[in-house]
Amino acid sequence: MRIITGLAKGTVLKTLEGDATRPTAERVKEAVFSMIQFDIEGRKVLDLFSGSGQMALEALSRGASHATLVDKSREAVSIIRYNAEKTKLVGSCAIYQADYLDFIRRSSKEKFDIIFLDPPYSQKMYRPALSAMLEYGILKPTSLIICESNEDTVFESDCALASRFTVEKQSKYSKTYITVFKPVL
């Protein structure tokens, strides 16, 4: 796993051992950044289930102005700090060990331009996360939410929540769906 391009191009990143996290595959990461390549410069990024921090660090390497990286795991946060320092992007980062819903609630005065949403697939955290983003006002009308999942919809049967977002782009890579949403505010 490495930074693909930009200021930290080629930097090899560390990840947690074992099955505790599922790093985004290189091919999927390249596809995500191809989808949003013109939307990164100068933007404020939130990586809500950060794992190793690779998505937010890639965005910073490509010109994002600031990244907030959040993970519940103490071990993951340690890896994120290591990777942020190794890429020399740590000065543009805020790193938090926190539950995703607690973080969203506490961040209600902050607005993000790009949000990476890649929770553990089996734990059904997409709907609560998206609902909380709307409820606590961390989104702008122009915010992009990049969702990585193993299903073509993260809303399940929640039509009311689905109506609050528009799908900008969606692609499938093997078993992984990448969906880019904008909020309807």
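Attention here is on the structure that accompanies the text. (Residues numbered from 1 in each chain as written. Predicted model: local features only at pLDDT ≥ 70, side-chain atom pairs only at ≥ 80, totals over all residues. Heavy atoms only, no water.)

## Structural notes on helix α5 (residues 126-135)
Logical step 1: All buried positions along α5 are accounted for by Y126, A129, L130, A132, M133 and L134.
Logical step 2: Looking at the buried side of α5, the elements it contacts are α4 (100-106), β4 (112-117), β5 (139-149), α6 (159-162), β6 (165-173) and β7 (176-183).
Logical step 3: G137 sits one or two positions beyond α5 and adopts a positive phi of about 70°. (Buried < 20%, exposed > 50% of the residue type's maximum accessible area, 1.4 Å probe, protein only. Helix = DSSP H or I, 4+ residues; strand = E, 2+ residues; numbered from the N terminus. Contact = heavy atoms within 4.5 Å.)

## Here's the deal with the nonpolar core
Soluble globular proteins tend to pack their nonpolar side chains together in the buried interior.
Logical step 1: Among the nonpolar cores identified, the biggest contains 32 residues, and V32, F33, I36, V45, L57, F116 and I146 are the most heavily contacted of them.
Logical step 2: When contributions to this core are tallied by element, the ones reaching two or more residues are α1 (26-35), α2 (54-61), β2 (66-71), α3 (74-86), β3 (93-97), β4, β5 and β7.
Logical step 3: Contacts of F116, omitting those with residues within four sequence positions, involve V32, F33, I36, V45, L46, D47, L48, F49, M55, A56, A59 and I146.
Logical step 4: Core analysis: the next-biggest nonpolar cluster, separate from the first, contains 29 residues, L101, Y121, F155 and F181 among them. (Core = buried A, V, L, I, M, F, W, Y, C linked by side-chain atoms within 4.5 Å.)

## Details of the packing of aromatic side chains
Logical step 1: As enumerated under the stated definition, the model contains 6 aromatic pairs in all.
Logical step 2: With 4.9 Å between their ring centres and 45° between their planes, F49 and Y100 make a pair best called tilted. Here the residue F49 occupies a position in the loop between β1 (44-47) and α2, and Y100 occupies one in helix α4, the gap between them amounting to 51 residues.
Logical step 3: On the accessibility criterion, F49 (15% relative accessible area) is buried.
Logical step 4: Taken together, the ring pairs connect F155, F165 and F181 into an aromatic cluster.
Logical step 5: A cation over a ring is seen here: K14 above Y82, with NZ or CZ 4.5 Å from the ring centre. (Phe/Tyr/Trp six-rings, centres within 6.5 Å; stacked < 30°, edge-to-face > 60°. Lys NZ or Arg CZ within 6 Å of the ring centre and 35° of its normal.)

## So, the pattern of salt bridges
Logical step 1: Overall, the coordinates contain 9 salt bridges when judged by the stated rule.
Logical step 2: Among the ionic pairs, D113 bridges to K140, the shortest N-O distance being 2.7 Å. In this pair, D113 is assigned in strand β4 and K140 in strand β5, connecting sequence segments 27 residues apart.
Logical step 3: A residue is classified by how much of its surface remains accessible, and D113, at 10% relative accessible area, is buried. (Salt bridge = Lys/Arg side-chain N within 4 Å of Asp/Glu carboxyl O.)

## Quick look at unusual backbone geometry
Logical step 1: One non-glycine residue, E156, lies in the positive phi region at around 55°.
Logical step 2: Tracing the backbone through its elements, the reader meets E156 in the loop between β5 and α6.
Logical step 3: Classification of E156 by relative accessible area gives partly exposed; the value is 39%.
Logical step 4: A positive phi angle, near 60°, is found at S174, a position not held by glycine.
Logical step 5: Relative to the helices and strands, S174 resides in the loop between β6 and β7.

This is a description of form; function is not addressed.
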